[in-house]
Amino acid sequence: MDRVSDIDFAALCAGRKFQPSPLAWEDQVLYFLLLDRFSDDKEQGYRGNDGEPVTGGHTLPYNPAVDNENAVTTPDNAAVWRDAGGKWCGGNLQGLTGKIGYLKRMGVTALWLSPIFKQVSFQPTYHGYGIQDFLSVDPHFGSVADLGEMVQTAHANGIYVILDIILNHAGNVFTYAVENGEPPWRGGTYPVAGFNNAQGAASLPFQDYEQNPMPVGRDDAVWPGEFQNPACFTQKGRIRSWDYDPEFREGDFFDLKDINHGYGTDSSYSPSPALLNLCEIYKYWIAAADIDGYRIDTVKHMDIGATRFFVSAIKEFAQTIGKENFLLAGEITGGRERAFDTLEETGLDAALGIDDVQLKLEGLMKGENNPEEYFNLFRNSLLVRKDSHVWFKNKVVTMINDHDQVCKGEHKARFCAAGDGSKLALGALALNAMTLGIPCIYYGTEQRFDGRGDWDGADRYIRETMFGGLFGAFRSKERHFFDESGDLYRELADILKLREEKLVLRRGRQYLREISGDGVNFDLPRIMGGRMLSLVAWSRILDKTEMVLAVNTDPDNAHKAWVLVDAGLHPAGSSLKCVYSTQHGDEGALVLTVQRKGAAGDIAAVELDVPAAGFVVLE
């Protein structure tokens with residue numbers, strides 16, 4: 001399609017039964033992947049969607065004893081590996097379709113997919129955030145038909161599909177008529193040399209599609225045709241100050257060109273033609289591919305009124321085709337207060353990219369933060385003026401790794417990059433899955449990817465390929481990582497299965513529990529001697545059911561402690577059963593509840609023994 005006006009919604013929707021939305025998104029477990037880095041459909045020796053071994057393809061499974069750092073054996077080889085990480089690597093939709101079984105058996109129930117839209121042809125924007133054609137799938141990834149087949153396969157396996165989309169900007173589709181072509185934001189507009197052609201030269205007139213005397217190919221300028229109108233772009237140069245308003249709303253995100261959404265107050269916003277067309281475009285993708293939700297990129301950089309308008313338009317359309325709970329999650333950097341206010345003002349369902357959530361979760365498991373610093377993030381008494389648990393239950397997507405690590409500045413690295421991260425990875429994933437929020441696993445975390453490179457802050461090192469190629473994880477090449485026999489994958493699958501079975505683990509209230517070494521003096525675990533090596537316990541309570549969970553932040557030694565539980569739910573002589581432990585021989589054992597009089601009334605406690613870097617659940 002050349003124009004948004006070519007979309008025929010009646011034909012797209014006629015006679016179709018669309019996948020209904022889930023009842024509650026906090027019930028789901030998300031898995032986020034960069035499509036270019038996930039699978040190229042050339043692997044062998046993994047389990048297919050039917051669970052049977054796949055013998056086709058040519059890429060063999062990774063063997064750490066032989067293949068670790070096999071791509072960086074010489075300085076020249078290391079340079080090739082690093083260079084490959086900044087280019088297209090070859091992941092595609094067909095490869096992802098063939099790995100749906102891998103995700104299902106892990107316990108994933110919703111797939112968050114990086115942008116699949118056509119990118120500018122003269123830059124290696126493999127990540128998908130440099131869109132040149134909003135109505136086409138990038139040929140590196142496949143076709144619209146390939147997208148539809150992937151979504152159908154996911155749905156058939158009980159997995160919802162969430163697309164990453166961009167409203168704030170297009171790719172590098174034009175060049176300014178100034179030195180270097182990338183002027184800084186100063187509040188005013190800059191002259192433009194022209195739309196960029198397929199080779200990146202500003203050779204095309206910067207004027208409306210219908211007035212352009214030159215033929216414009218589908219690799220040239222920007223598509224659909226309505227966006228070949230200068231009024232679609234703010235034309236104010238790139239952002240330098242990321243916290244100065246209006247610069248961060250009006251400026252270009254690096255060389256990505258900022259889209260003009262309109263003007264006005266939040267409640268009486270006047271949408272621009274560009275914003276109206278974006279609404280139609282993203283309605284199209286819902287209908288064309290039966291998409292279940294959107295993750296919206298760079299929400300901080302948009303007018304509140306523009307986001308609010310888009311949310312309303314998409315929600316209304318989704319309801320007309322039976323998607324009553326279509327997910328709209330926004331990337332909202334700048335802290336929890338900004339995220340909370342943005343959700344309240346725009347109607348977005350959930351936020352992600354909140355810096356302190358990821359840092360506090362990682363810091364807790366590594367013993368670098370006191371546990372209450374993480375658990376208090378879920379209380380929000382200052383934000384909603386209630387000492388309760390009302391917001392984060394279903395309003396934030398939580399994760400320990402992601403694709404750009406904004407929260408770590410120039411020190412980007414995955415959880416397993418250094419220290420005891422590899423040993424503690426299961427505990428971190430358990431915390432993520434079993435505490436409040438919508439949990440999300442970043443691809444490769446289940447295989448202990450470490451994201452190590454030159455430690456120069458480059459995003460590429462935390463974007464390794466699962467399928468090998470020239471830029472495999474662990475500085476390797478030509479080896480894939482779809483291993484379901486590894487301990488982390490298997491234990492995570494068991495934990496996520498338990499989460500699916502127990503409503504209280506998805507919907508229950510949450511309480512960080514005090515612990516005691518002698519059963520008499522209780523307190524919250526805290527850092528001592530520079531690092532907290534301790535059992536950390538919490539409860540999830542739903543109605544009259546309490547489940548008690550604990551991780552051990554000590555990577556080398558088991559820890560035992562008494563843990564407070566709800567005295568009203570556990571009378572003296574009652575017991576809880578161990579339903580999961582990383583020391584599986586303990587599963588099924590009963591743990592007696594001890595009750596006694598305390599200064600504040602009756603208290604009840606159970607004695608827990610958690611293996612080194614382990615995780616335990618009682619019911």
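Cut-offs used in this document
Residues numbered from 1 in each chain as written. Predicted model: local features only at pLDDT ≥ 70, side-chain atom pairs only at ≥ 80, totals over all residues. Heavy atoms only, no water. Buried < 20%, exposed > 50% of the residue type's maximum accessible area, 1.4 Å probe, protein only. Helix = DSSP H or I, 4+ residues; strand = E, 2+ residues; numbered from the N terminus. Pairing = 2+ DSSP bridges. 1 Å grid on protein atoms, 1.4 Å probe; cavity = no way out; pocket = protein on both sides within 12 Å on 5 of 7 lines; lining within 4 Å. Points joined across faces, edges and corners; volume = space filled by probe spheres on them. Nonpolar A, V, L, I, M, F, W, Y, C, P; charged D, E, K, R; others polar. Phe/Tyr/Trp six-rings, centres within 6.5 Å; stacked < 30°, edge-to-face > 60°. Lys NZ or Arg CZ within 6 Å of the ring centre and 35° of its normal. Salt bridge = Lys/Arg side-chain N within 4 Å of Asp/Glu carboxyl O.

## Quick word on the pairing of strand S22 (residues 545-552)
Working step 1: Across the 8 residues that make up S22, a large majority, 7, are buried.
Working step 2: Where strand S21 (residues 535-542) and S22 come together, 8 bridges link them in antiparallel fashion. If you follow Arg540 over to S22, its bridge partner there is Met547.
Working step 3: Between the end of S21 and the start of S22, which pair antiparallel, lie 2 residues, with Asp543 showing a positive phi angle near 60 degrees.
Working step 4: As defined by bridge partners, S22 adjoins strand S28 (residues 615-618) across 4 bridges and the pair is classed as antiparallel. In the strand pairing of S28, Val551 is matched with Phe615.

## Focus: the layout of surface pockets
Working step 1: There is about 870 Å³ of room inside the largest pocket.
Working step 2: What lines the largest pocket is a set of 30 residues, among which Phe253, Phe254, Asp404, Val406 and Asp459 lie closest to the centre.
Working step 3: Tallied by class, residues from the lining of the largest pocket come to 8 nonpolar, 11 polar and 11 charged.
Working step 4: Roughly 350 Å³ of volume is contained in the second largest pocket.

## Quick notes on the packing of aromatic side chains
Here a ring pair, both rings aromatic, is described through the centre-centre distance and the interplanar angle of the planes.
Working step 1: Taken as a whole, this structure holds 40 aromatic pairs when the rule is applied.
Working step 2: With a centroid separation of 5.3 Å and 80 degrees between ring planes, the pair formed by Tyr294 and Phe326 is classed as edge-to-face. Pair noted here: Tyr294 is in strand S13 (residues 293-296) and Phe326 is in the loop between helix H9 (304-320) and strand S14 (327-331), with a separation of 32 residues, a long-range link.
Working step 3: Put simply, the rings of Phe32, Tyr62, Trp112, Tyr442, Tyr443, Phe449, Phe474 and Phe481 touch in pairs and so form one group of aromatic residues.
Working step 4: Over the ring of Tyr126 we find Arg37; its NZ or CZ atom is 3.8 Å from the centre of that ring.

## As for the sheet that holds S14
Working step 1: Ordered by their spatial adjacency, 8 strands build an open sheet running S15-S14-S13-S6-S3-S1-S17-S16, and the pairing between neighbours is parallel. Looking at strand neighbours, the two that pair on one side only are strand S15 (350-352) and strand S16 (397-398), the edges of this open sheet.
Working step 2: Bridge count between strand S3 (residues 110-113) and strand S6 (residues 160-165): 4 bridges; the pairing is parallel. What sits directly across from Trp112, in S6, is Ile162.

## Details of the pattern of salt bridges
Working step 1: Going through the model one piece at a time under the given rule, you end up with 39 salt bridges.
Working step 2: Ionic pairing is found between Glu362 and Lys366, a salt bridge with its closest N-O pair at 3.1 Å. Both residues of the pair, Glu362 and Lys366, count as buried.
Working step 3: Linking Asp487 and Arg448 is a salt bridge whose minimum nitrogen-to-oxygen distance equals 3.1 Å. One end of the pair, Asp487, is in helix H16 (residues 487-501); the other, Arg448, is in the loop between strand S17 (438-442) and strand S18 (479-480), with 39 residues separating them in the sequence.
Working step 4: Given a relative accessible area of 40%, Asp487 falls into the partly exposed group.
Working step 5: The network of salt bridges with shared partners includes Asp164, Arg295, Asp297 and Glu331.

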